[in-house]
Amino acid sequence: GGPGSVASVSATTFLLGNPYPSALDIHKFIDDNAGVISGVLQLWQQWSGTSHELKDYNGGYAQVNKTGAVRASQFVGLEGATTGGLEGTKVPTRYLPVGQGFITEIVADGTVEFNNGQRIFIKESDANGNYNNGSVFMKGDNKKTGKNNESKSNGSKTDSLQKIRLEFSSVTGPDTKRELLLGFSDQTTDGYDYGYDAETHDASNNDLNLAMEGKSMNIQAYSKIKADKVVPLNFRSSGEYTFEIKISELENIPEDQDIYLRDNLTGEYFNLREDQPYRFTSEQGIFNLRLEVVFQDKASTLSAEEASIEENYIYYDKGTNSLYAKQLEGEVTRFTLYSITGQSVMELADVERTRLTNGLELPNMAS
């Protein structure tokens, strides 16, 4: 794959599988292979269809790591062909069943290790929709059990992460659907956490993802929830369409915890805990500053913002059409300029501090 690991450029992916006649603890497998793999497993599910034409596949890759798992979104073909907004019928658990194959990304030279310490006695028949119960084989039908049944397997673990599962779907326009998983704890951070974050490699022209350091993510772990925490979302639309965002599942979240979707275009704070989806319209474009998940209402947010006053070291010179940024503490790996509607109008990579200190000339555009 070449130096580094860049999706669609130099990423090295391996097709592997559970080699044991028992389930495999994915958490232990990820920990034992730190520094060699990316920390996320991809499991293929083809849930319907009989064609071998790529554009007619009804399938995709589910993802699983130490935060949890998301079901597969419809696979996008090599030339962008897709059958629409279908999604997988199964969500992987923490335990990889006997014979289950998976794909993982190799990020450095090394040996992928399987060992007996990763093995665990977990049965497929114990799967009940809980991440820590049973193992889910991604081909064929699951044996279903009641959602409230406790696993009788020897080694199932508890999970202390607080989790929010979001579902994004189209109302008008091309069919699309995406599942996102957010995890919060004292052991994880808002930046990159090995084994807890999963990047999107199959983004479509109509999509919603979690934003982290210039990347689009399907699974993201954060530090613990605080009132002023903001979770940014990356959003794109291929035309003037209508979409919906809702919470599909909560885990370990207190009943009194506020969860809002903030729309920076309309100024609306939508309460996601009312079991109703937030419906919004968009024009064509990339709008990575429009939508955010926040944990306090509008009045509380405005009160906190008024109490915080910071000196502004960023300013715009109208005469030279240049943007200045002073006293930066590090290099700028990614620079994006957005319009007032949240649409990206200029993107640069690896901008030197001196260039911003001396003035970055901007493209001509409407005021």
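You'll find the structure just up there.
Residues numbered from 1 in each chain as written. Predicted model: local features only at pLDDT ≥ 70, side-chain atom pairs only at ≥ 80, totals over all residues. Heavy atoms only, no water.

Quick notes on the overall build of the chain
- Along its length, the chain carries three helices and 25 strands.
- A burial count over the chain gives 46% of its 367 residues as buried. (Helix = DSSP H or I, 4+ residues; strand = E, 2+ residues; numbered from the N terminus. Buried < 20%, exposed > 50% of the residue type's maximum accessible area, 1.4 Å probe, protein only.)

Focus on the sheet that holds strand β21 (residues 314-317)
- Judged by pairing direction, the sheet is antiparallel, and its three strands sit side by side in the order β21-β22-β25 without closing on themselves. Each edge of the open sheet is held by one strand with a lone partner, namely β21 and β25 (360-361).
- As paired strands, β21 and strand β22 (residues 322-325) are joined by four bridges and run antiparallel to one another. Of the residues in β22, the one forming a bridge with Tyr 316 is Leu 323. (Pairing = 2+ DSSP bridges.)

Structural notes on the packing of aromatic side chains
- Throughout the structure, instances matching the rule amount to 14 aromatic pairs.
- A ring pair is formed by Phe 235 and Phe 243, whose centres lie 5.4 Å apart and whose planes are at 80°; its orientation type is edge-to-face. With respect to burial, Phe 235 and Phe 243 carry one shared label: buried.
- Both rings, one in Phe 235 and one in Phe 280, keep their centres 5.3 Å apart while their planes meet at 70°; by these two values the pair is edge-to-face. Of this pair, Phe 235 sits in strand β14 (residues 230-237) while Phe 280 sits in strand β18 (residues 278-282), and the two are 45 residues apart along the sequence.
- By relative accessible area, Phe 280 is classed as buried at 3%. (Phe/Tyr/Trp six-rings, centres within 6.5 Å; stacked < 30°, edge-to-face > 60°.)

Quick notes on unusual backbone geometry
- Of note in this structure, Glu 213 is not a glycine but carries a positive phi near 50°.
- Structurally, the position occupied by Glu 213 is in the loop between β12 (207-212) and β13 (215-222).
- Take Glu 213: its relative accessible area is 62%, and that puts it in the exposed class.
- Although it is not a glycine, Asn 252 adopts a positive phi angle of roughly 60°.
- The residue Asn 252 is located in the loop between β15 (241-251) and β16 (260-263) in this model.
- The exposure class assigned to Asn 252 is partly exposed, which follows from its relative accessible area of 40%.

Focus on the sheet that holds strand β6 (residues 95-96)
- Read across the sheet, three strands follow the order β6-β2-β8 without closing on themselves; strand pairing throughout is antiparallel. Of all the strands in the sheet, the pair left with one neighbour each is β6 and β8 (119-120).
- Here strand β2 (residues 23-25) pairs with β8 via two bridges, running antiparallel. Residue pairing for β8: Ala 23 is matched across the bridge by Ile 120.

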